[in-house]
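What the coordinates show
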Amino acid sequence: MDPTAEGGPDTGAGDDVVHRSFVAEAEEISQTFASVFSCDHPAPSDATPKCSRIWAILETYQEQPYLLDPHLDKFIQPLMQYIRVKIAQIVASPSSYNAQDTPILTLAFKTVYSFTKVRGAKTILKLFPHEVKDLHPTLTFLQMQNIKDYDTWEIRYVLLLWLSVIVIIPFHFSTLYATFSQSDDLTEGGGAPGLIGQLLAQARAYLRDSGKTREAAAELLSRLLTRPDMSSSHLALFFTWARTTLAVPDDPVLVADQKARDFENSFLITGILLALASIFKRGKRAELMDKIPMIFESVIAVHNRNINTSGNNSNSIITTRKLAVKVVQRIGLTYMRPRVASWRYKRGNRSLLAGQGAPASAPSESANESDPNEEAYDDIPDQMEDIIEVMLTGLADKDTVVRWTAAKGIGRIANRLPQEQAEDVMEAVQQLVLDAPTDSIWHGCCLALAELARRGLLLPARLESVVPLVRQALMYDEIVGSHSIGSHVRDAACYVCWAFARAYTPEVMRPYVHALATSLVVEALLDREVNCRRAASAAFQENAGRQGNFPHGIDIITTADYFAVGNRADSYMTLSVKIAQFEEYRIPLISHLVHHKIVHWERSLRALASEALRQLTPLAPAHMTNTVLPHVIKEAGSVDVNTRHGAILAAGEVILALAGLPASTGQGTYLDKDVPEDVRNGAKDIVGMAETANMQKGRGGELVRAALCRLIECLARAKVTLNDPPPAVATPEPAERSPKVPAQKTALKAKVVVVKDKNRGHLAIMQDTLDDNLKHPTVAIQESAVVAFRAFSAQFYPGTSSDALVKKYIQVVRSDPLPPSRRGCCLALGALPLHILQRHLSDIVRALIETSQDENPEMKDAQARVCAIRALHEICSTFQIYMTEARQSSSPVHPGEFTPDIVSQVFQAYSAGLRDYTTDNRGDVGSWVRSASIPALHQLCVWVCDFPVMLTSSQSAPSVPQSSSSSSSSSSPMDVEGLVRGTVCLLLQHSCERMDRIRALAGGALESMLRSTNPAIPHVPHREELEQAIFHPAPLAEPEAVPSAMSVSVVVHAAHALPIPQNRTLNWAASSETFPVVVPFLRFADLRPSVLLGLVTSVGDMTKSLAADSWAALAAYLNSIRDTDRHVYNEFWASFIELMDSYSKDDRVLLPVFKTLTLLFIGGSGQPGPVRMFPENNDHMARIHAIIAAEIKNIKDLVKLISAVPVLCSMLASPTPTRVLALRSLLTMLGNKYPKARRVCADSLYATLMSDELASSVISANKAGDSPEGPESARLERILEILSTCHWDGDLAQTKEDRLRVYDLCLLPRPVPVARKEPQQEAATPGPVPAASSTTPPEPKEAAKTIPP
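What counts and how
Residues numbered from 1 in each chain as written. Predicted model: local features only at pLDDT ≥ 70, side-chain atom pairs only at ≥ 80, totals over all residues. Heavy atoms only, no water. Helix = DSSP H or I, 4+ residues; strand = E, 2+ residues; numbered from the N terminus. Buried < 20%, exposed > 50% of the residue type's maximum accessible area, 1.4 Å probe, protein only. Areas by Shrake-Rupley, 256 points an atom, 1.4 Å probe, with all protein chains shown as cover. Axes fitted to C-alpha atoms, helices over the stretch in contact; angles between N-to-C directions. Parallel < 35°, antiparallel > 145°, perpendicular 65-115°, else oblique. Left-handed = near helix turned anticlockwise from the far one by under 90°. Contact = heavy atoms within 4.5 Å. Nonpolar A, V, L, I, M, F, W, Y, C, P; charged D, E, K, R; others polar. 1 Å grid on protein atoms, 1.4 Å probe; cavity = no way out; pocket = protein on both sides within 12 Å on 5 of 7 lines; lining within 4 Å. Points joined across faces, edges and corners; volume = space filled by probe spheres on them. Patch = residues over 30% accessible without salt bridge, like charges linked within 9 Å, V, L, I, M, F, W, Y side chains within 5 Å. Salt bridge = Lys/Arg side-chain N within 4 Å of Asp/Glu carboxyl O. Lys, Arg positive; Asp, Glu negative; His and termini not counted. Charge placed at Lys NZ, Arg CZ, Asp CG, Glu CD. Phe/Tyr/Trp six-rings, centres within 6.5 Å; stacked < 30°, edge-to-face > 60°. Lys NZ or Arg CZ within 6 Å of the ring centre and 35° of its normal. Disulfide = S-S within 2.5 Å. Expected span 1.5 Å × (residues − 1). pLDDT = per-residue confidence, 0-100. Polar contact = N/O pair within 3.5 Å; in protein donor to acceptor, adjacent residues only side chain to side chain.

1. Notes on the overall build of the protein chain
Within the protein chain one finds 63 helices and two strands. Counting across all 1349 residues of the protein chain, residues that qualify as buried make up 53%. As displayed, the protein chain offers around 58,600 Å² of accessible surface, 53% of which is attributable to carbon and sulfur atoms.

This is the structure:
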């Protein structure tokens, strides 16, 4: 359905419901009905899809079904006419009926049901035909249905509804059918043949059903049994049958059987109760009074029986309890004569203008008038006591639907009681809350009070005791385990307040206006649940409109309306501040935050409440100083974890807010001049008190740690005076640690002198607390400590007082064996303020770089490397901000020790971080380092380009890191052009990464560099081509078409660069979008190594979609240059071989390289007519084989061995002589010591020779004259036979014999065994160990190709 084709504006922000002013599909529905449900022509073959479409359309009108009303008549009439005709035909010839043969009729019934579901059965029933002639066919057709056929239950449902309309025709049954008989009965298994008996039997049968048909059957029974011409015996018989079904046996022996029967008949019991409720609602009081005793005790027994089993959460049990309460309620209404209580409170003319001061008619209040018909109440039966008891019990039920039914019953029954008895009922409702205040009772009683108030039965004199209960309900919130309950109670309390607005005049409500207004505002702004905030907002709006005396009512409802309070953070931080401008609501809002929300069970709400207190502090600084701050300081030592955490947070936020206010008199801040010194000292003592009480340990310790960090941050930002001297920092003595000594043993050798003086000052205590939290293993606590340390060090460490602290942190970063300690201290070094960084920059940067590149296996930690990179990033950002602000203020800029050497070292650290591919049991943990390095590298590049003169002193090329081993600092001056080029190469490499997150970061950074204008990034290699490819890509070719050079290679040399669009952003995380853009940059020699390195790892990845997208882009690019630009094609292979040589022994790159080579040599997989792409240079092919042979020679890595097999097999089809070398390598592998390797090699070689003619031609390449082994075809057949029949994973000696036979058939010389040297000879041979036997693999030599100078 197209929303744009529908009229009507959306009336609410954020509301997903599409509001319609008409039914846009009305014509489509009418045409579908005309074509499908026509008696003049057969239905179309697509009738079912068309009807499904109609059902889907109707579903969209669930929220606004009234829009269908103007069209219902033309929708329902053709449906029912079709059903009437078809039923008449079927009834006329019953033997021809089969539900499976009439699918269109079934569709018609299902369509009618869809209308009843959307619009409601009551509305649709009015449009059903109700002629006398329809009674017999409809009943007959219903009798023909199979009650067990659950696929066609809609037919039976609609038929029962139709019968419920037909049976109320205004004619006596005796005049319609001669079959009408007074002898119709309801005895089990009986039933007279008369019409009434048939109707009752059918309806009674469907009362056992568990679906909608039960409701329709109950409706049919109620309408039939309450007809004026029905004999009272039918109703008495039905009541007798119902009593028998509902009754509990008196014999205790039958109790067990009764329980089983109750379970089996639970649906029947529900159906009976439905029918009874409808009968008592529709029947005449005079006819029902004498029959109530027949059923009353049974219904009460059903209610009590289900109350005792209320622990069962079965829906049938819930429905049974609800219906039992409803039946009892209606029995009570039947007992009492219909009347409107004369003693009720009558407001009179309820004009909205009257509430706003406009003239209106005077209200007629008669709450104390005597009832002229008081004697009419003398007929109150004794059963009313049991009925009211059931209602009161229902108010405490655990299910909302039961409580709601009981509340409405209380209101309806009280409306017919004398004032004295009604007052007793209201007193009992209030007493329920006082006696057992559970959440269910609170909710039920609030609903009951709302119903009583809405009907005027809650007299003004009782408001004095009711209003405090309602206010208490508005704040109801009980903790249960790890959550709380009470939102339904608060929502019901808002309903009570809404009912008050409509029930009483402003004069009556005036004494309670302030209490209710403040409570509703607090609830509307500060409740945790959005439904409660919206309910309170609606209740306040109703009171402000109808009462007119709510303070600032119009201003508040325009600020905190139904939609504005939907966002909790906005309600706390924005709306509460606006409404707190009004004095009447200011203190209640603050008090509620202090006493309810900062002690709330939810951690995020406590933090939000403390921030809201900070926002409200400027409006009431005196109250915060004299009341709130002393209270939260006291509560900071509470034994309750939630209270302790919230109080510490609140204390910090309030102090920070007070520090931002001017003093009431004179100069200075409000905190320094107006806050008493004992209060300030109390806030500073919180940290020491928490340390003394060990609050940071045990249960809730992490919450307290985070709160203390925030408190310290707030104290520092508030510039609180700490008079004690800087703390004496204990520096750990470095311990000599050999790389072979485990970190745990080294930790025992390190002697750290940590002496905590009990007489320490606030500064020392806070510093110790921060140090303790910086070393905590929880990341969130470390982050909180770093943020606090940033403000703390900037405020309390002036001059040289920080030297010892910095040395301690550097020592921890370099030698502490505990990873959390190194992580936290790295972040702390990065958070140091500018004046400290300028004194110790070189030492800090060197320590962080060592941590980011730590090769010691005992000290290696991925998260520590991440923290080191982040710290370097923060340091650069600090200097960048300082230099930018100095330039803007025309002040001299002094970068201090940030020399070109430091810049070069930082760049090397970032580059090394981007080559971190460490893996452990957590997966690719190196990706964390790469993710941190990309934005850091981008920031460094922008900074250097913004201040090229200050940060560089020479135009010589930078020393760009080329491998992880070359991480030592360079003394060469930094060159901006080289740094930018290296950055672009690294970003392009990682924009081809296999991980979506890394691609998105790298691509976004590259885009940002191209878009940057302040500063503009110079020296970007191939800028025009990059901008053209990223911001103005050519449209992708169709999937079926072979990509051409123009469609794939979006890198074109434009005569004029196109403007960069501001809104277009490439989705770098989507591999289908990224690789077609980046891969064509392989044509540029300076970018090719970087792009190729990232691309190869993606092509060889295990993810199918990533591998497919990257391979498609690479294949398309190579196809486009293979015939048009052979020079570039050959250069591609040269770079590919250089990549293989650089990353020899590096499986992370080599295994994807093997897969990429396989795809290139076989032309992809699953493609018709693959295009093989081999190097045109024989030397290139030979070099590829040599590298592969060297990689798999004498290795124990079975994965690499198996990965090399497909490459070698695909090389057999090469037109170069290298295919013979590949064959020899494969035959060598047939004698490998690993059975699986031999088996895989034999299978792959067999499949290749069988399916690839070019590969099988390698057999003829070795032919030298007439072979004694026979002609070529015969030799090939014998080779295939040996490969397929021999047990290659069996005995090694036998497999070697079979391999020699293959050598002979291939006309290749047999391998010559190499004699092993004796161990004594090896030991006696002097000299250095050969490089090939080294246990440490050589470092990858890709650096010079990855980042060109």
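2. A few points about the packing of helix H7 (residues 153–166) against helix H9 (residues 212–225)
Two elements in contact, H7 and H9, have axes separated by 8 Å at closest approach and are oriented at 15°. Classified by the angle their axes make, H7 and H9 are roughly parallel. Two packed elements cross with a definite hand, and for H7 against H9 that hand is left-handed. Listed contacts from H9 to Trp-153, Arg-156, Tyr-157, Leu-160, Leu-161, Leu-163, Ser-164 and Val-165 of H7 are Lys-212, Thr-213, Ala-216, Ala-217, Glu-219, Leu-220 and Arg-223. Among the residues making up the contact of H7 with H9, the classes are represented as nine nonpolar, two polar and four charged.

3. Examining empty space enclosed by the protein
Under the defined criterion, the tally for this structure stands at two cavities of 30 Å³ or more. The calculated volume of the largest cavity comes to roughly 60 Å³. Around the largest cavity sit Val-521, Ala-524, Leu-525, Ala-536, Ser-537, Phe-540, Ile-556, Ile-557, Ala-560 and Ile-579, which together line it. Of all the elements in the fold, those that place two or more residues in the lining of the largest cavity are helix H24 (513–526), helix H25 (530–546) and helix H26 (553–559). Looking at the lining of the largest cavity, its residues break down into nine nonpolar, one polar and no charged. Residue lining of the second largest cavity: Val-429, Gln-430, Val-433, Trp-442, Cys-445, Cys-446, Leu-449, Leu-469 and Val-470, and that is the complete set. Of all elements in the fold, only helix H19 (419–435), helix H20 (439–454) and helix H21 (463–474) reach the threshold of two or more residues within the lining of the second largest cavity. Top contributing element to the lining of the second largest cavity by residue count: H20, with four residues.

4. Some thoughts on the packing of helix H49 (residues 1071–1078) against helix H51 (residues 1104–1122)
The interhelical angle for the contact between H49 and H51, taken along N-to-C directions, is 25°, at an axis separation of 8 Å. By the criterion of interaxial angle, the relationship of H49 to H51 is roughly parallel. Read as a crossing pair, H49 and H51 show a hand that is right-handed. Here Ser-1071, Ser-1072, Phe-1075 and Pro-1076 of H49 lie close against H51, whose contacting residues are Ser-1105, Leu-1106, Asp-1109, Ser-1110 and Ala-1113. Classifying every residue of the contact of H49 with H51 gives four nonpolar, four polar and one charged.

5. Some words on a negative patch on the surface
A cluster of like negative charges, contributed by Glu-297, Asp-382, Glu-385, Asp-386 and Glu-389, occupies part of the molecular surface. At three residues, the largest contribution of residues to the negative patch is made by helix H17 (residues 383–395). Relative to the elements of secondary structure, Asp-382 occurs in the loop between helix H16 (352–355) and H17.

6. Regarding the packing of aromatic side chains
In total, this model carries 29 aromatic pairs according to the counting rule given. Centre to centre, the rings of Trp-1133 and Phe-1161 are 6.0 Å apart; their planes meet at 20°, and the pair counts as stacked. Linking Trp-1133 in helix H52 (residues 1126–1142) with Phe-1161 in helix H53 (residues 1147–1162), this pair joins segments that are 28 residues apart in sequence. The exposure class of Trp-1133 is buried, given its relative accessible area of 0%. Note on Phe-1161: relative accessible area 0%, which makes it buried. Between Arg-204 and the ring centre of Trp-241, over which it is positioned, the NZ or CZ distance is 5.1 Å. Here the guanidinium or amino end of Arg-1148 rests over the ring plane of Tyr-917, the centre of that ring lying 3.5 Å away.

7. Some words on the environment of Gly-830
Inspection of the secondary structure puts Gly-830 in helix H39 (residues 819–830). Separated by 42 residues in sequence, Gly-830 and Leu-872 have C-alpha atoms that sit 6.2 Å apart. Not counting residues within four places of it along the chain, the set of residues in contact with Gly-830 comprises Arg-790, Ala-871, Glu-874 and Ile-875.

8. Some details on the environment of Thr-393
Looking at the element boundaries, Thr-393 is found in helix H17. Thr-393 sits in the partly exposed class, given a relative accessible area of 25%. What Thr-393 contacts, discounting residues up to four positions off in sequence, is His-303 and Ile-307.

9. A few points about the pattern of salt bridges
Oppositely charged side chains can form a pair if their charged atoms are brought close together. Tallied over the full model, the rule gives 59 salt bridges. Close ionic contact of Arg-994 with Asp-1101 constitutes a salt bridge, the shortest N to O distance being 4.0 Å. With Arg-994 in the loop between helix H45 (976–990) and helix H46 (996–1011) and Asp-1101 in the loop between helix H50 (1088–1099) and H51, this residue pair connects regions lying 107 residues apart in the sequence. Owing to a relative accessible area of 11%, Asp-1101 belongs among the buried residues under this scheme.

10. A short note on the side chain of Arg-214
Along the chain, Arg-214 falls in helix H9. No salt bridge is formed by the buried Arg-214, whose closest oppositely charged neighbour, Glu-215, lies at an N-O distance of 5.8 Å. Setting aside residues no more than four positions away along its own chain, Arg-214 makes contact with Tyr-206, Leu-207, Asp-209, Phe-267, Thr-270, Gly-271 and Leu-274.

11. Focus: the state of the cysteines
Following the criterion strictly, the structure yields zero disulfides and no others. No disulfide involves Cys-532; its sulfur sits 6.4 Å from the nearest other cysteine sulfur, which is in Cys-494. Cys-941 takes part in no disulfide bond, and the closest cysteine sulfur to it belongs to Cys-945, at a distance of 4.3 Å. A relative accessible area of 0% places Cys-941 in the buried class.

12. What about the environment of Val-23?
Mapped onto the fold, Val-23 is located in the segment before helix H1 (26–36). Each C-alpha atom, one on Val-23 and one on Leu-58, is 10.0 Å from the other, the two residues being 35 residues apart in sequence. Not counting residues within four places of it along the chain, the set of residues in contact with Val-23 comprises Tyr-61, Leu-67, Leu-68 and His-71.

13. Some thoughts on H7
Here H7 spans 20 Å end to end across 14 residues, near enough to the 20 Å set by a 1.5 Å rise per residue. In terms of burial, H7 is a largely internal element, 13 of the 14 residues being buried.

14. A short note on helix H43 (residues 926–946)
Helix length check: H43 (21 residues) gives 30 Å between terminal C-alpha atoms against 30 Å at 1.5 Å per residue, within 8%. Counting buried residues along H43, 19 of its 21 residues qualify, which places the element largely inside the surrounding structure.

15. Remarks on unusual backbone geometry
Each neighbour pair has its own omega, and for Asn-1014 with Pro-1015 the value is 5°, a cis peptide bond. Relative to the elements of secondary structure, Pro-1015 occurs in the loop between H46 and helix H47 (1023–1031). Of note, Lys-1145 is a non-glycine position whose phi angle comes to about 70°, a positive value. As for its placement among the helices and strands, Lys-1145 is situated in the loop between H52 and H53.

16. Describing the confidence of the model for the protein chain
Residues shown with low pLDDT carry predicted positions that ought not to be read at fine detail. The predicted model of the protein chain has a mean per-residue pLDDT of 82, with 81% of residues at 70 or higher. The lowest-confidence element of the protein chain is helix H63 (residues 1343–1346), averaging 35 in pLDDT; the highest-confidence one is helix H27 (residues 568–579), averaging 96. Under a pLDDT of 50 for its full length, residues 178–192 has, in the predicted model, 33 contacts with residues more than four places off or in other chains. This model gives residues 1319–1349 a pLDDT under 50, and the stretch forms 42 contacts once residues within four places in sequence are excluded.

17. Some words on the side chain of Asp-946
Along the chain, Asp-946 turns up in helix H43. Residue Asp-946 is classed as buried on the basis of its relative accessible area, which comes to 15%. A polar contact is formed between the side chain of Asp-946 and the side chain of Arg-887, at a distance of 3.0 Å. Residues contacting Asp-946, with those up to four places away along its chain left out, are Thr-884, Arg-887 and Pro-1015.

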